[in-house]
Structures are given as C-alpha cells and as structure tokens.
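Each chain, letter by letter, is given below.
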Amino acid sequence: MSGALDHLVTAAAAELMAASAADSAAISQRVLGNLVSDLGVDFSFLRHNDHTIRATVLVAEWPPRNADPDPIGVVYFADADSVFTRAENLKVPEVVRPEAANADYQSNIDEGTGWGAVSLAAVPLLSGDVTTGTLAFGKVGDREWLPEELNALQAVAALFAQLQARIVAEEQLHYLAEHDDLTGLLNRRALIAYLDKRLAAGQPGSVSVVFLALDRFKVINERLGQNAGDRFIEAFAALLRAATDVPSVIARFGGDEFVVVPAASMDVEAAEEFAQSIHSRVQRKVVIDGEMLSRTVSIGVAAGIPGSESTSDLLRRVDQATRTAKSSGGNKVAIFSPEMSRTDMIRNDIELYLEGIIDNDSDALVLHYLPEFDMRTGEILGTEALIRWQHPTLGLLMPDSFIQVVESINLGAKLGRLVIRSACAQFGMWQSRGVGHGAVLRINVSPVQLVTEGIVDTVTTTLEEFGLDPSTVCLEITESVVVQDIDATRKTLFGLKDIGVQIAIDDFGTGYSVLTYLKSLPVDALKIDKGFVHHLDTNPGDLAIVRSTLALADAFGLDVVAEGVETVAAAKTLLALGCSRAQGFLLSRPLDSAAMESLLAKRVIPMDFSDASDAPQPETPGRKDVV
Ligand code: C2E
Ligand code: CA
Ligand code: CA
C-alpha cells in the first residue's frame, strides 16, 4: 500500500475508532467526505444490510443528497438491480464500470442522483461469514480501480464493520437496560425516565397515565406454573399492544402490572375513555399449555401537570386509583380522586401508628354500640359493639375506612382481641351496675380472627375474666367469609360453640352460597344485610329474599335480625313478615357507651310506626367510651 493510501486508512481509523452510537452518523459522513477527496472520486456511500427484512439501508453518504423520500434509502434485495442484489452476500471487492451488463444499475443511480453512468468500487462489510453492509466509492464516468486501492478500501470497510458491531452491541445493551426481557416492553426504569422528561417544567399539556394490574394473576402461576405465567404475561403484552390504538409508551411496570402513557397531551376525561377502550379490548382468552385462560384487569387513571408534579407523585396517585379498582372487586377502571389520597393517608397512618395505638391501649380507638330492638314491644334485646377511630385530623373514622387496611397489614387479630376484651369489659361493667341483663352483646369477628388459632382461648379467658355468661355473647361473622374457607371456619365455630357463645351470620344474603353450608354450621342467628332492608317496601326482589331468609331461618330454628331499618315502611314490612328483631337508624344510631348504658337502663323504648317520625340524632364522637 502506498504511503498516501496508508495515511488515508490511518486517518479513517482515528476517526472511526473513536465513534459511538450517538455520533457515528456524523463521523461516518465526514470520513466518507475525506476519502472522496483523498481518492479523487465524486461520491461515496455506506450501507448496512438488514437481513431480517432483506434490504440494504443507506447509513451515510458523501456528498449528502438529503432526498426525501430517498428512492435508494432502503432497497429490498428482492426487487433490486443486479449490483444491489449482489450486495446482499458480497464477500470480495467488486468493481462496476459503465457497461451493458449493469445498465439496470446505471439507470437506477442516474434516477437517484442524476449523475449518469458511474464507475464504482464496492467492498463488503463483514462480520464473520455475514455480509453486514457495503462501502462504495464512485466516479461519474469511467475510472480504473487499482488493487492497492481496493486493499485500502477493504481496510476502511473493516473499520466501518467494527464500528457497526460496536453500535449494535451498544444498542442492545441500551435496549436490555430499558426493556423487559419477557415482553419487549419498556421496563420500569425506562418508564420513569420517560415520565421524568414528560413532567419536566415547561413541557406541554397534561400527562395521563393508565396503570393496569391483572386480577388474580397469582392463580395462573400457582395452578399452571411459572412458565405458563410467563407465557400469559407475554400474550397479555401482545393484547395490550394491539389494544393501544393511540401512539403511546407501553411499559411492564412489575410482575403483572403494565403502564400505558399516551404520547400526546390528554386530560383525565379523555384518558378515562382511552382506558375504558383498552379495558374492553384486552380481555381475550389466550391458550397456554392447551388451557384457555383469561384474566380481568383493574385499571387506574391519573394525570399530571408538567412542572407541578413529580413522576413518583403521579405514579403513587395512579397506583392508588388502581388499588381502588382492585379492592372494589376488580375488572374496572378507576380515576384517581382526592378521596383516594385520604384513604392512602389513613393507610399510612395505620401502618405507622395503629399498632402502637392498639398496644398502648390508647384512647384513640373507641367502641360505639348499636342497640337491637324487638319492634313489637320496644324491648332492647341486644347491643352491637362497633369500632371507631378518633383520628387526630380526620375526625371520627368509621370501620369501613380502616378495617380492610388493618387486616391487610396483619393487625386484624390484634385489633380483634382488643375489641373482644373492651366490649366484654364494658358489658361486665354494665351488668355490675345492674343494666343489660337479658340483652345479648354482639361482637364482630374479622375473617383473620377466624382462621388464627387463638380466638377460642381469647374468648374463653375474656368471658371468665369479666364474669360473663357465654350465652349472652354473640360473635358475628360475615357470610362471605364463611363461604371462603369453610373448613377452617367450621373448626373455629365448633370450638366457640363448645364454650357456649352464640354465633350469628352477618350480612346474610350477600354471600349467596352459604345456604348449603348452614346445616353443617353451629349457627344461632342470621342478620339480614341492610342492602335488602332499605327498599324492602318497594323492591319485590328484596322482599323475596327477605321472605325466603325468614322461611329458611324458621326451618333451621334460627333467630333473625334485620339490619339497616331506616324507614317506617321497612319496619312495617318486616313486622308484617313476622320479623320483629331489628337494628337501624330509624330505631337508634350507634351510641357511645354512656348513652348506651342509659338506654339499657330503660329496657324498653316505646315504638310508634304510625307516622314517619324523625330519625334519631346522628352519631357523635364519644369521649369517655374509650377502648
Ligand atoms: P355490620 O356488622 O353490618 O354493622 C352494622 C353497620 O351498619 C354499622 O356500620 C352501623 O352503623 C350501620 N347501620 C346500622 N343501622 C343502619 C341504617 O339504618 N342505615 C345505614 N346506612 N347503616 C346502618 P359501621 O359501624 O360503620 O360498621 C361497618 C362494618 O364494619 C360493620 O358492619 C362490621 O362489619 C365492621 N365492624 C365494625 N366494628 C367492627 C369490629 O370491632 N371488628 C370487626 N372485625 N369489624 C367491625
Ligand atoms: Ca355486625
Ligand atoms: Ca351487617
């Protein structure tokens, strides 16, 4: 190789070996430009072979033509001219000079560049046995190509091939760092980086996030194995891609969680519609290991304003929305609302403080009592202990806003023991003051308490400690729980029955299938869920359910208590059906312990359903009746 050619290769090497993915296009173009002038030719191009689509793709050229669309930007080998076709698997340098054999090529070049006939030296870029591209130099008109020139070009082509391999490796690393292996979707890290950019101050519009969590995905893993679970996730990712019909970034956020971020600005209303359309489209059945599987999905939606909200804020809000969708049965779309923040705040407070509150017997937890009446006579038949949390900033919290969280962080049993002790202590104290004899104390028992070992012991020792007759205490278990784990429940219930306490099925009618188990469980009473009582006088369906519940209870010899009596009409209907035991706001609101004590002292409260009397006073926070 002559000195000049040597120098030419060294100069190209210095540039190309320092190039990276980011600047490779600019550097390649500059190197081509230098080579064109050093070789005294007119043009040069570098093309890469894309063997997956069987095409050659223009990467850099000199001089730049900036054609758009470029007729020779991507050339498919299948319909290429004779020279381009040979580029697919070219292994050695090829020289083309204007002659009839390559007329098709010449006219192609002329069409793309307007140069007329050319003389061309093309050398392959090689990676092992694979031709990964072509480097070519050409001169308008004819030119002879010396063997040492072709040698030098091969050396330069090797440098280009090396750069190409480096870029592929770099991109792959980048891809792997940003994508989820299983689905090829963006991973969590890449999503966060993307949202950081979108939410940066000064970015336009509102950034909507749609968060999808599969419902009960665990079951697939557990029943069919991890591998089937992975196949399902893959299939779901494909469904999600297909269902996402506006340009969006799609990421796999975690195991069974996905996030879709529309690329354009979208307000919450539009995002909800978008989420609904995804929701309706992703629920296809897929076949995994010969089984037809499908999962419903819970979707949360939230939007953020660039500059005013961080990625973590936005993700926390959309996660809250998703959890709300999930906890209300799943298979739905929920939009983030400030109320959810409140739930989240309560959740945080519970996680931070409630255990301490329980342990220290703090006065933040109180029991209120809901009396139960015989509506015929006005006699007080019982009193149900209901937990409340006197929250420092949120006020008196009802159990529905914290019991679920308590249980989700495994404090259910602990709180349950506290309620049992406090209610029994109160009941014992009332009796020692001569009130409440003949009435039954009702205590709600949480699902986890039923399956944890100690409840029978707890109840036994507590009854003894406060000197209570076991038959005056009734534990209430919600129907849906009874249905869920019938064997464990049966065992506990028989244990409780052995010590003589009563057992009631709460919220009866909401669990549907418990009827079949009733015979085999030691149950004393059914409490008809308030949902059936509210509109008893007008809803024939509710009436039918209440009627058949009463018949069933009669057949099994069970007591029945109606919950949620709010209207005179409901009270009258119940009485007409022969159900006289009841609770409800019409009869009394939940009372603090002092008010409950004076009520118990009266034993009988005259009842008058002849006119629509006003409901009693709303429930107020009690101060003295501390748990
Ligand atoms: P539950 O056992 O069905 O208790 C009756 C609920 O209905 C009470 O709500 C009561 O205030 C309400 N209620 C009574 N009459 C009426 C009425 O006429 N209309 C309406 N709309 N509501 C009425 P609360 O106190 O909010 O309790 C909700 C649920 O929380 C309870 O439902 C029970 O499942 C649970 N719970 C309450 N205290 C405890 C407890 O100490 N431990 C456990 N595990 N759960 C508890
Ligand atoms: Ca109850
Ligand atoms: Ca109930």
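Keep in mind that this is a model prediction, so the values were computed, not measured. (Residues numbered from 1 in each chain as written. Chains lettered and ligands numbered in written order. Predicted model: local features only at pLDDT ≥ 70, side-chain atom pairs only at ≥ 80, totals over all residues. Heavy atoms only, no water.)

## Some points on the pattern of salt bridges
Item 1. Counted according to the given criterion, the structure contains 27 salt bridges.
Item 2. Between Asp-70 and Arg-65 there is a salt bridge, and its shortest N-O distance comes to 2.6 Å.
Item 3. Sharing partners across several salt bridges, the network here consists of Glu-372, Glu-384, Arg-442, Glu-476, Lys-527, Asp-559 and Arg-581. (Salt bridge = Lys/Arg side-chain N within 4 Å of Asp/Glu carboxyl O.)

## As for the nonpolar core
Item 1. Ranked by internal contacts, the top residues of the largest apolar core, which has 77 residues, are Leu-354, Leu-365, Trp-389, Ile-443 and Leu-574.
Item 2. Among the elements that line this core, the one with the most residues is helix α13 (residues 412-432), at eight residues.
Item 3. In contact with Ile-443, not counting residues within four places along its chain, are Val-419, Ile-420, Ala-423, Cys-424, Val-473, Cys-474, Leu-475 and Glu-476.
Item 4. In this structure, Leu-5, Leu-39, Leu-46 and Ile-167 belong to the second largest nonpolar core, which totals 32 residues. (Core = buried A, V, L, I, M, F, W, Y, C linked by side-chain atoms within 4.5 Å. Buried < 20%, exposed > 50% of the residue type's maximum accessible area, 1.4 Å probe, protein only. Helix = DSSP H or I, 4+ residues; strand = E, 2+ residues; numbered from the N terminus. Contact = heavy atoms within 4.5 Å.)

## A look at the site of ligand 1
Item 1. Lining the immediate surroundings of ligand 1 are 24 residues, of which Arg-388, Asp-506, Lys-530, Glu-566 and Phe-585 lie closest.
Item 2. Side-chain polar atom of Asn-444 to an oxygen atom of ligand 1: 2.9 Å apart, as the coordinates give it.
Item 3. Contact between ligand 1 and Asp-506: an oxygen atom at 2.8 Å from a side-chain N or O atom of the residue.
Item 4. Relative to its unbound accessible surface of 800 Å², ligand 1 loses 87% to contact with the protein.
Item 5. Of all the cavities here, the one that holds ligand 1 is the largest pocket.
Item 6. Among the elements of the structure, β15 (380-391) and β19 (502-508) are those that each provide at least two residues to the shell around ligand 1.
Item 7. With four residues, β15 is the single largest residue contributor to the shell around ligand 1. (Near = heavy atom within 4 Å. Polar contact = N/O pair within 3.5 Å; in protein donor to acceptor, adjacent residues only side chain to side chain. Areas by Shrake-Rupley, 256 points an atom, 1.4 Å probe, with all protein chains shown as cover. 1 Å grid on protein atoms, 1.4 Å probe; cavity = no way out; pocket = protein on both sides within 12 Å on 5 of 7 lines; lining within 4 Å. Sits in = over half its atoms within 2 Å of the grid points.)

## As for the packing of α13 against helix α15 (residues 455-465)
Any two packed helices are characterised by how steeply their axes cross, that is the angle between the axes, and by the distance between the axes.
Item 1. Viewed as axis vectors pointing N to C, α13 and α15 meet at an angle of 20°, and their least axial separation amounts to 9 Å. The angle between α13 and α15 places the two elements in the roughly parallel class. The way α13 lies across α15 gives a crossing that is right-handed. Here α13 contributes Arg-417, Ile-420, Arg-421 and Cys-424 to the contact with α15, which in turn contributes Thr-458, Val-459, Thr-462, Leu-463 and Glu-465.
Item 2. Taken together, the residues that form the contact of α13 with α15 break down as four nonpolar, two polar and three charged. (Axes fitted to C-alpha atoms, helices over the stretch in contact; angles between N-to-C directions. Parallel < 35°, antiparallel > 145°, perpendicular 65-115°, else oblique. Left-handed = near helix turned anticlockwise from the far one by under 90°. Nonpolar A, V, L, I, M, F, W, Y, C, P; charged D, E, K, R; others polar.)

## With respect to the packing of α15 against helix α17 (residues 486-499)
Item 1. Closest axis-to-axis distance for the α15/α17 pair is 9 Å, and the angle between their directions is 20°. Between α15 and α17, the interaxial angle falls into the category roughly parallel. For the pair α15 and α17, the crossing hand works out as right-handed. Facing Ile-455, Val-456, Val-459 and Thr-460 of α15, the residues of α17 in contact are Thr-492, Gly-495, Leu-496 and Ile-499.
Item 2. The residue inventory of the contact of α15 with α17, partitioned by class, reads five nonpolar, three polar and no charged.

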